[in-house]
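Commentary on secondary and tertiary structure
Single-letter residue listing:
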Amino acid sequence: MAEAAAEKAYYRFLVLFFNCLLTFGSYFCFDIPSVLQDQFQGNLTCPNGTHPNGTEQNGTAGCVEGLGMTPEEYNLLYAIYAWTNALVVIVAGFLIDKLGNRFGVFVFSFLTVLGSSIFALGSHFKGTPYLLPLMLTGRLLFGSGNGSLTIVQNRITAFWFKGKELALAFGLTLSFSRLGSVLNFFFTQQFESHFGVQWTLWGGTFLCVLGFISAITVSVLDRVGMKQLGLDGVIQQESKKVRVQDVRRLPLRYWLLVLTIMFFYNGVFPFVADASKFIQDKYPGYSQQAAAYIAGAVYDSSLVLSASVGILIDYVGLRGVFALGCAVLTLPVFALLAFTFVPPLVSTIWLGITYSFAAASMWPSIPLVVPQATLGTAMGLATSIQMIGIGLSNVIVGRILGTKSSELKIPLWRWQQMMVFMLANTVACIVTSVGLNVVDKKQGGTLNRMTKHSLPESVARQPGDAAPLLNEGEDEGSIN
């Protein structure tokens, strides 16, 4: 009997390609405010005209025409995204487990389109009471879709690559997503200087539409592939067994892994959100565009390294060790930014490297410690806790930076306090990752073995969704 197309390597990599494109546009949109922070916090009008980079020819601070947000309102755009994720992704993960990948990929990609459209529409109401509510509503819907879409994306990746090139597949997914972020940091400011804030935001919406088209494509490929593998009925039966109560049975390793992810990301995303302005405020001679390029180096490094790091981790394993090493090696990044005037590019590239290893070691570890049938719920809960941390961090950073005037250069002592806060999160990440390695060693060392040895051979060979809900023969009080 001829081998089905879905059983061949090219098919799963074709699924992976369109799966990667799901979040390309949404990641581009996510950090548009970071690149255009001066415009978002700029004055509603400039009496002497607009100075695109916020500087006069003699290098002194100039007027930037923009939307008139305060730093606290600006950081709220990121906080509401994170909080929405925290609330929605738990329910989304459970629904994905119950209703399937195809339901999730369609609904949540549509929400990213709707949210980015309302966000862009809100920019047309500058100077009115409607601007902030509309833009916050847009970010709320966008966050509802994008965070949940990432869960579907990870679930599809885990299904097709579990027991195979899992870390590589996660690395490639991250690379494509970060390609959107990188292109945002390279081109958004130039696009805005020619076409303005409004059309720039609508351009981001167009990229989300392309993601929606990719969602339809990957949905078809996933459906056809599972039919060829004869797994449609199996997955539906497994999905019926999933219960909300199963959250209580998630293992200690899972919770330590989630806390490690949260504390690490607390130092990355809130920093990138404010990095462009930080660079302009602290280091003399950087234009808005140059500062955006340097801030984007975090994602540049991730884009370049993620796939190769995934291959490395697939080969050597040691996921728990890498998680701890990433946290330890991130400490000097925020110390340099807080207490020295070392060129900021050094720190952003350094952070990008540790971020690449963290993403390729932490997230692919979740499918190794929970069953496939509850993976959506586990991913949703992990994303929720991560986003709660990021949302609180954004609010705290907004309070630390705290000036009410969009014209003022934020004092350096405030930026230093922000970096100390990032350091504290990194120290907490070290503590939880040490605990993760200790517990993992006591429970068999799954995370620190190579992928092909992480699961029993009979389980590794079968498709992920055929895995039982609970591992038979183990204590009912935990899933390992």
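Since we're looking at a predicted model, the values are computed, not measured.

Here we look at the overall build of the protein
Counting its regular elements, the protein contains 19 helices and zero strands. Among the 480 residues that make up the protein, the fraction classed as buried is 59%. By sequence separation, contacts in the protein at least 24 residues apart represent 84% of the contacts at least 6 residues apart. Accessible surface for the protein amounts to roughly 18400 Å². Of this, 68% is attributable to carbon and sulfur atoms.

Description of the environment of Phe357
Considering the arrangement of structural elements, one finds Phe357 in helix H14 (residues 344-362). For the pair Phe357 and Gly325, spaced 32 residues apart in the sequence, the C-alpha separation amounts to 9.0 Å. Ignoring sequence-local partners within four residues, the contact set of Phe357 consists of Val309, Leu312, Ile313, Phe322 and Cys326.

Let's talk about the side chain of Ser219
Assignment of secondary structure puts Ser219 in helix H8 (residues 166-229). Not counting residues within four places of it along the chain, the set of residues in contact with Ser219 comprises Arg102 and Val105.

Here we look at the packing of helix H10 (residues 252-282) against helix H11 (residues 288-295)
Contact geometry of H10 with H11 gives a least axis separation of 8 Å together with a crossing angle of 125 degrees. Taken together, H10 and H11 sit at an angle that is classed as oblique. The chirality of how H10 crosses H11 is right-handed. The segment H10 lies against H11, with Ala275, Ser276, Ile279 and Gln280 engaging Gln288, Ala291, Ala292, Ile294 and Ala295.

Side note on the packing of helix H7 (residues 131-161) against H8
At their nearest, the axes of H7 and H8 sit 8 Å apart, and the two run at 35 degrees to each other. The interaxial crossing formed by H7 with H8 has left-handed handedness. Contact with H7, carried on its side by Met135, Phe142, Gln153, Asn154, Thr157, Ala158, Phe159, Trp160 and Phe161, involves Leu166, Ala169, Phe170, Thr173, Ser177, Leu201, Cys208, Asp222, Gly225, Met226 and Leu229 of H8 and no other residues of that element. Residues of the contact of H7 with H8, tallied by class, amount to 13 nonpolar, six polar and one charged.

Let's talk about the confidence of the model for the protein
Considering every residue of the protein, the mean pLDDT works out to 80; 83% of them sit at 70 or more. When pLDDT is averaged over each helix and strand of the protein, the minimum, 38, is found for helix H19 (residues 457-461) and the maximum, 93, for helix H17 (residues 412-442). Residue range residues 49-61 is modelled with pLDDT below 50. Its contacts to residues more than four positions away, or to other chains, number 25 contacts.

Quick notes on the nonpolar core
Within the largest apolar cluster, 129 residues are counted, with the highest numbers of intra-cluster contacts made by Phe40, Tyr254, Phe271, Tyr355 and Ile366. The leading source of residues in this core is H10, at 17 residues. The residues contacting Tyr254, other than those within four sequence positions of it, are Ile366, Val369, Val370, Ala378, Leu381 and Ala382.

Brief notes about the packing of aromatic side chains
Under the criterion given, the structure shown has 31 aromatic pairs. Each ring, one from Phe185 and one from Tyr299, has its centre 5.7 Å from the other, and the planes form 55 degrees; the classification is tilted. Of the two residues, Phe185 is situated in helix H8 and Tyr299 in helix H12 (residues 297-316); the sequence distance between them amounts to 114 residues. A residue is classified by how much of its surface remains accessible, and Tyr299, at 0% relative accessible area, is buried. Measuring from ring centre to ring centre gives 6.2 Å for Phe264 and Tyr265, while their planes differ by 70 degrees; the resulting arrangement is edge-to-face. Relative accessible area serves as the criterion here: at 4%, Phe264 is assigned to the buried category. An aromatic cluster of at least three residues, connected via ring pairs, comprises Phe30, Tyr74, Tyr78, Tyr81, Phe142, Phe185, Phe264, Tyr265, Phe269, Tyr299, Tyr355 and Trp363. Sitting over the ring of Phe341, Lys282 keeps its end group 4.8 Å from the ring centre.

Considerations on unusual backbone geometry
Of note in the backbone geometry, Leu318 takes a positive phi value of approximately 55 degrees without being a glycine. Note that Leu318 resides in the loop between H12 and helix H13 (319-339). Accessibility expressed as a relative area gives 34% for Leu318, which makes it partly exposed.

A word on the environment of Gly402
Secondary-structure assignment places Gly402 in the loop between helix H16 (375-401) and H17. Sequence separation between Gly402 and Arg414 is 12 residues, and the spatial gap between their C-alpha atoms is 8.3 Å.

Let's talk about the environment of Leu375
Considering the arrangement of structural elements, one finds Leu375 in helix H16. Those residues in contact with Leu375 that lie beyond four places of it in its chain are Asp97, Arg155, Ala158, Ile366, Pro367 and Val370.

Some words on H10
With 31 residues, H10 extends 42 Å between its outermost C-alpha atoms, agreeing within 8% with the 45 Å of an ideal straight helix rising 1.5 Å per residue. The buried fraction of H10 is high, at 28 of 31 residues.

Brief notes about a nonpolar patch on the surface
Together, Ile90, Val91, Leu95, Leu99 and Phe103 make up an exposed nonpolar region whose accessible area comes to about 390 Å². In terms of residue count, the dominant contributor to the nonpolar patch is helix H5 (residues 71-99) (four residues). Looking at the element boundaries, Leu99 is found in helix H5.

Looking at the pattern of salt bridges
A side chain of one charge can pair with a side chain of the opposite charge when the charged atoms of the two come close. Inspection of the entire model under this criterion finds three salt bridges. Note that Asp222 and Arg102 form a salt bridge whose closest N and O atoms lie 3.7 Å from each other. Of this pair, Asp222 sits in helix H8 while Arg102 sits in helix H6 (residues 101-122), and the two are 120 residues apart along the sequence. The exposure class assigned to Asp222 is buried, which follows from its relative accessible area of 1%. What makes Arg102 partly exposed here is its relative accessible area of 22%. Across the salt bridge formed by Asp440 and Arg253, the nearest N and O atoms sit 3.0 Å from each other.

Observations regarding H8
Relative to the 94 Å expected for 64 residues at 1.5 Å per residue, H8 spans just 19 Å between its end C-alpha atoms, considerably shorter than the ideal helical length. Of all the bends in H8, the largest measures some 120 degrees and sits at Gly196. Gly230, located one to two residues past H8, shows a positive phi value of around 70 degrees.

Quick notes on the rules
- Residues numbered from 1 in each chain as written.
- Predicted model: local features only at pLDDT ≥ 70, side-chain atom pairs only at ≥ 80, totals over all residues.
- Heavy atoms only, no water.
- Helix = DSSP H or I, 4+ residues; strand = E, 2+ residues; numbered from the N terminus.
- Buried < 20%, exposed > 50% of the residue type's maximum accessible area, 1.4 Å probe, protein only.
- Contact = heavy atoms within 4.5 Å.
- Areas by Shrake-Rupley, 256 points an atom, 1.4 Å probe, with all protein chains shown as cover.
- Axes fitted to C-alpha atoms, helices over the stretch in contact; angles between N-to-C directions.
- Parallel < 35°, antiparallel > 145°, perpendicular 65-115°, else oblique.
- Left-handed = near helix turned anticlockwise from the far one by under 90°.
- Nonpolar A, V, L, I, M, F, W, Y, C, P; charged D, E, K, R; others polar.
- pLDDT = per-residue confidence, 0-100.
- Core = buried A, V, L, I, M, F, W, Y, C linked by side-chain atoms within 4.5 Å.
- Phe/Tyr/Trp six-rings, centres within 6.5 Å; stacked < 30°, edge-to-face > 60°.
- Lys NZ or Arg CZ within 6 Å of the ring centre and 35° of its normal.
- Expected span 1.5 Å × (residues − 1).
- Patch = residues over 30% accessible without salt bridge, like charges linked within 9 Å, V, L, I, M, F, W, Y side chains within 5 Å.
- Salt bridge = Lys/Arg side-chain N within 4 Å of Asp/Glu carboxyl O.
- Bend = angle between axes of the 7 residues up to and from the residue.

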